[in-house]
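A structural walkthrough
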Amino acid sequence: MILAGLKRLEYRGYDSAGITVVADGQLAGQKKAGKLANLTAALEQEPLPESHQGIGHTRWATHGGPTDANAHPHWSMDNRVAIVHNGIIENFAQLRSELMADGVVFRSQTDSETVAHLLRRALDQTNDLAEAMRQVCQRLEGAFTLVAVDATQPDRVVAARRSSPLVVGVGEGENFLASDVASFIEYTRQAIELGQDQIVDITPTTVNVTTFDGAVAEVRPYEIEWDLTAAEKGGYDWFMRKEIFEQPQAAADTLLGRVDTSGRLHLDEMRIDPALLRSIDKIVVVACGTAYHAGLVAKYAIEHWTRIPCEVELASEFRYRDPIITRTTLVVGISQSGETMDTLMAIRHAREQHAAVISICNTNGATIPRESDAVIYTHAGPEIGVASTKCFTAQIIACYLLGLYLAQEQGMKFGDEIVTLVRELTAIPDKMADLLERLEPVEALAEELLSAESVIFLGRHVGYPIALEGALKLKEISYLHAEGFAAGELKHGPIALIEPGLPVFVVVPPPGRDSLHDKVISNIQEVRARGAQTIVLAESGDAAARAQADHFFGLPAGPTLFQPLLAIIPLQFFACEIATRKGYDVDQPRNLAKSVTVE
Ligand code: F6R
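Calculation notes
Residues numbered from 1 in each chain as written. Predicted model: local features only at pLDDT ≥ 70, side-chain atom pairs only at ≥ 80, totals over all residues. Heavy atoms only, no water. Helix = DSSP H or I, 4+ residues; strand = E, 2+ residues; numbered from the N terminus. Rg over C-alpha atoms; globule rule 2.2 N^0.38 Å. Buried < 20%, exposed > 50% of the residue type's maximum accessible area, 1.4 Å probe, protein only. Contact = heavy atoms within 4.5 Å. Areas by Shrake-Rupley, 256 points an atom, 1.4 Å probe, with all protein chains shown as cover. Lys, Arg positive; Asp, Glu negative; His and termini not counted. Charge placed at Lys NZ, Arg CZ, Asp CG, Glu CD. Phe/Tyr/Trp six-rings, centres within 6.5 Å; stacked < 30°, edge-to-face > 60°. Near = heavy atom within 4 Å. Polar contact = N/O pair within 3.5 Å; in protein donor to acceptor, adjacent residues only side chain to side chain. Nonpolar A, V, L, I, M, F, W, Y, C, P; charged D, E, K, R; others polar. Pairing = 2+ DSSP bridges. Axes fitted to C-alpha atoms, helices over the stretch in contact; angles between N-to-C directions. 1 Å grid on protein atoms, 1.4 Å probe; cavity = no way out; pocket = protein on both sides within 12 Å on 5 of 7 lines; lining within 4 Å. Points joined across faces, edges and corners; volume = space filled by probe spheres on them. Domains from an automatic or database assignment.

1. Some words on the overall build of the protein chain
Secondary structure assignment for the protein chain yields 20 helices and 23 strands. Computed over its C-alpha atoms, the radius of gyration of the protein chain comes to 25 Å, within 12% of the 25 Å expected for a compact globule of 599 residues. With respect to the three principal axes, the spread of C-alpha positions in the protein chain is 75 × 55 × 45 Å. Expressed as a percentage of its 599 residues, the buried residues of the protein chain come to 59%. Look at the contacts in the protein chain between residues 6 or more apart in sequence, and 70% of them connect residues 24 or more apart. Surface summary for the protein chain: the accessible area is close to 23,200 Å², and the carbon and sulfur share equals 49%. Taken as two groups, the 53 positive and 79 negative side-chain charges of the protein chain have centres that lie 3 Å from each other.

Below, the structure is given as structure tokens:
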């Protein structure tokens, strides 16, 4: 059961795994570096005794390499206590020296092992696992989820949570703890969201939640909306491919229920005082990776519609540069997982400066939405592939809804203008579906470019972040060198990279009244003149773009601001095709974790 649960968390990325169970008052376990298959094989050779109480973990190495010894669970010296840990214990060096001075011998190089020894010492004082956990947590600095068993306390598992994810699954005669509901969805859809600095103590029939101070905590039970099939491949070979094809549904679900029949937008989750929303005079978007690219796209639309200045910043950089935030700044944190530590720390910093914080998130009850003043959920369903696809387009849609809502509330757009824009947005799922049926040429292209060593992506305006995202997708799953540039910036340096045969993808905006389209056509000519092989994504009827293309991919027609929602799809698919042809595991690319819960 624990192995199956770990299997469902595999997508989060890891490099070692382990299990400990309690049987007949003793600990028994196994841990192995590498994939779960190694652990499974070891368990087949040496099966564990029958047990009804155990913990398991997949580890993504931070302190100490991915070895058997560094894998979790970690045990106390007398083999009485076992723990697993997510996060980083920032004061572990000091704790470790203190324990070593006391005669403790460490079996690993991890920060986590300190907790096993501290817990064992605390049990000498109290003999109650929850109380011991409470005492230990008072001494820890950093972010952590801890889960512990004590061989002398049958049918009991105790966990603690600060900043890292932890949910409780409430079953019948059985209870579960996990960092993601996916691992217990097979057994129950009843879950309890834990708050910050809480301890949970479970037995087969009880769940007790208290604070780090020992007070009884209020908890929020909820029902998980999706079922097991959503977390399975459903006939596809890879989750990533499945999720690329789920984009029309994800987009439609994200729009669902947010527009009334008169075209007026309602964001029911918007718990921010309308008067405050009307006074917002600056927007700062903080996010990482793909979510950051979604923010970069959204900036163009938000500023255009609201006339409110909008900055987009990498969450990991944000709080370290003393950003200018006031009570009338709106900070928007975008995060698929809702657990990315860099983004969490950025929104915490924003709230300390009294800014209003809205998060855009795909995971119900995750830490980032919990710590925001309001949340707009992207209803994309679980995203299992490490490379984000359907959540990227859903995040852009959620940002657009926010932009239009602000424009509506601040009176920057007339009602009929909003209706027209919302109509364009609601047409997107069908246009995505149309495009997804025409991806065969991209397969042929991937075959042709299989031996490419480097790929360049170009775009202007909203096409620029699409170039960045196209390059990121290719880098992370095919391990190819890929770079995205603003097409107009090329002549200021990167054009030196262009050489005969180099594949250059170009996103061309729709022909329109401004000269944007023609400028991009000139940029294609510049790279073509130097021998590049051009792969052009433009509206199907765009003859000028087609004339400059060695390969042409036609996009459905529509306004420039909505084009990213379509243009990214062939680029995601291309990355997936190249990587799978090279034989790589696209769902779990090397070195990457789905939820990056460390800074
Ligand atoms: C790339 C990717 C990452 C995430 C980033 C933020 O495909 O998935 O770049 O976008 O780690 O993750 P979330 O959105 O969970 O905060």
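2. Observations regarding the packing of aromatic side chains
Within this structure, the stated rule accounts for 11 aromatic pairs. Arranged with centres 5.3 Å apart and planes meeting at 80°, the rings of W305 and Y400 form a pair that is edge-to-face. Here W305, found in helix α9 (residues 289-306), pairs with Y400, found in helix α13 (residues 390-409); they are 95 residues apart in sequence, far enough to count as distant. Measuring from centroid to centroid gives 4.9 Å for F457 and F505, while their planes differ by 15°, and the two rings are stacked. Taken together, the residues F457 in strand β19 (residues 454-459) and F505 in strand β21 (residues 503-507) connect sequence positions 48 residues apart. When sorted by exposure, F457 lands in the same class as F505, which is buried.

3. Focus: the site of the ligand
Surrounding the ligand, one finds 13 residues, the nearest of these being S335, Q336, S337, T340 and E476. The contact in question runs from an oxygen atom of the ligand to an N or O atom on the backbone of S388, over 2.9 Å. Here the ligand, which alone exposes 410 Å², has 89% of that area covered by the protein. Mapped onto the shell around the ligand, the elements with two or more residues apiece are α9 and α17 (463-478). No other element matches α9, which puts three residues into the shell around the ligand. Looking at the shell around the ligand, its residues break down into four nonpolar, seven polar and two charged.

4. A word on the side chain of R258
Here R258 shows up in the loop between α7 (247-255) and α8 (274-279). In this view, R258 contacts R264, L265, H266, L267, E269, I376, Y377, H379 and L401; residues no more than four positions away in its chain are not counted.

5. Here's the deal with the pairing of strand β5 (residues 81-89)
Within β5, eight of the nine residues are buried, which leaves it mostly tucked inside the rest of the structure. Bridge count for strand β4 (residues 74-75) against β5 is two bridges, and the pairing is antiparallel. When the bridges of β5 are listed, W75 appears paired with A82. Here β4 folds back onto β5 in antiparallel fashion, the turn holding five residues, of which N79 has a positive phi close to 60°. By the bridge criterion, nine bridges tie β5 to strand β6 (residues 142-150) in an arrangement that is antiparallel. Note on β6: the bridge partner recorded for A82 is V149.

6. Focus: the environment of T188
Among the secondary structure elements, T188 is positioned in the loop between β9 (175-178) and β10 (190-193). Distance in space between the C-alpha atoms of T188 and E223 is 9.1 Å, their sequence separation being 35 residues. Among all residues touching T188, those that are not within four sequence positions of it are G169, V170, G171, F176 and I224. One polar contact links the side chain of T188 to the main-chain carbonyl oxygen of V170, over a distance of 2.7 Å.

7. Quick notes on the sheet that holds β21
Taken together, the five strands give an open sheet; going across it, the order is β20-β19-β21-β22-β23, and neighbouring strands pair in parallel fashion. The outermost strands of the open sheet, each flanked by one partner alone, are β20 (481-486) and β23 (551-555). Strand-to-strand twist across the sheet, computed as the mean angle between neighbouring axes with direction ignored, equals 15°. Two elements, β21 and strand β22 (residues 533-539), share five bridges in a ladder whose sense is parallel. Across the sheet, residue V507 finds its bridge partner in β22, namely L537. Of the strands in this sheet, β21, β22 and β23 are in contact with helix α16 (residues 440-448), which crosses β23 at around 150°.

8. Comments concerning the layout of surface pockets
Counted as a void, the second largest pocket has a volume near 870 Å³. Around the second largest pocket, the lining is made up of 43 residues, and of these W226, N362, T363, N364 and P382 lie nearest the centre. Elements represented by at least two residues in the lining of the second largest pocket include exactly β13 (220-223) and α7. With three residues, the single largest contributor to the lining of the second largest pocket is α7. Of the residues that constitute the lining of the second largest pocket, the class distribution is 17 nonpolar, 13 polar and 13 charged. If you count residues domain by domain, the lining of the second largest pocket takes at least three from each of domain 1 (2-230) and domain 2 (233-436).

9. Brief notes about empty space enclosed by the protein
According to the stated counting rule, one finds one cavity of 30 Å³ or more in the structure shown. If you add up the space inside the largest cavity, you get close to 40 Å³. As for the largest cavity, its lining consists of I428, K431, P510, E539, P556, A557, G558, P559, F562, Q563 and L566. Residues belonging to the lining of the largest cavity are distributed by class as follows: seven nonpolar, two polar and two charged.

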